[in-house]
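Structural overview for review
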Amino acid sequence: KGAIDTHELFREWRGQRALHRVTSVRGHIYNLDFAERFQSWDVDPAALFEAETIKVPSSAAVISHLAQQAAGCAQLVLW
């Protein structure tokens, strides 16, 4: 087992027997941040309402774990 547990079980999914992998993540997978040009205290706060945003991975280990679990899967469901 890795740092994040994964459990496997067979259940029916849409009328067919399917392998389900159940795992978890800690918190969010990505954080939302402003583009680099907006990451300054000199920026007019009003400009942030229409500023470009970017997704920043919150944990490389969690993203790697999910990528490994999704390999070979038809679907990956996160909730």
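Residues numbered from 1 in each chain as written. Predicted model: local features only at pLDDT ≥ 70, side-chain atom pairs only at ≥ 80, totals over all residues. Heavy atoms only, no water.

Concerning the overall build of the protein chain
- Helix and strand counts for the protein chain stand at one helix and four strands.
- Moving toward the C terminus, one meets the helices and strands of the protein chain in the order β-β-β-β-α.
- Relative to its length of 79 residues, the protein chain is extended, with a C-alpha radius of gyration of 19 Å against a globular reference of 12 Å.
- Taken along the three principal axes of its C-alpha coordinates, the protein chain extends 55 × 30 × 20 Å.
- Buried positions account for 13% of the 79 residues belonging to the protein chain.
- Here the analysis covers contacts within the protein chain between residues at least 6 apart in sequence; of these, 39% occur between residues at least 24 apart.
- Surface accessibility of the protein chain: about 6900 Å² in total, with carbon and sulfur atoms responsible for 54%.
- Averaging the coordinates of the 8 positive side-chain charges in the protein chain and doing the same for the 9 negative ones gives two points 19 Å apart. (Helix = DSSP H or I, 4+ residues; strand = E, 2+ residues; numbered from the N terminus. Rg over C-alpha atoms; globule rule 2.2 N^0.38 Å. Buried < 20%, exposed > 50% of the residue type's maximum accessible area, 1.4 Å probe, protein only. Contact = heavy atoms within 4.5 Å. Areas by Shrake-Rupley, 256 points an atom, 1.4 Å probe, with all protein chains shown as cover. Lys, Arg positive; Asp, Glu negative; His and termini not counted. Charge placed at Lys NZ, Arg CZ, Asp CG, Glu CD.)

Description of the environment of Ala-60
- Following the sequence through the fold, Ala-60 ends up in helix H1 (residues 60-70).
- The exposed category is assigned to Ala-60, whose relative accessible area is 63%.
- The sequence separation of Ala-60 and Ile-29 amounts to 31 residues, and the corresponding C-alpha distance is 8.9 Å.

As for H1
- Among all positions in H1, only Val-62, His-65, Leu-66 and Gln-69 are buried. The buried residues of H1 occupy one face: seen down the axis, they fall within an arc of 95 degrees. Turned more than 90 degrees away from the buried face of H1, the exposed residues are Ala-60 and Gln-68. (Arc of directions from axis to C-beta.)

Describing the pattern of salt bridges
- Across all of its chains, the model carries two salt bridges by this definition.
- Between Arg-37 and Glu-52 there is a salt bridge whose closest N-O contact spans 3.6 Å. With Arg-37 in the loop between strand S3 (30-34) and strand S4 (53-57) and Glu-52 in the loop between S3 and S4, this residue pair connects regions lying 15 residues apart in the sequence.
- Given the relative accessible area of 40%, Glu-52 is considered partly exposed. (Salt bridge = Lys/Arg side-chain N within 4 Å of Asp/Glu carboxyl O.)

So, the packing of aromatic side chains
- Evaluated as defined, the whole model comprises zero aromatic pairs.
- Between Lys-55 and the ring centre of Tyr-30, over which it is positioned, the NZ or CZ distance is 4.9 Å. (Phe/Tyr/Trp six-rings, centres within 6.5 Å; stacked < 30°, edge-to-face > 60°. Lys NZ or Arg CZ within 6 Å of the ring centre and 35° of its normal.)

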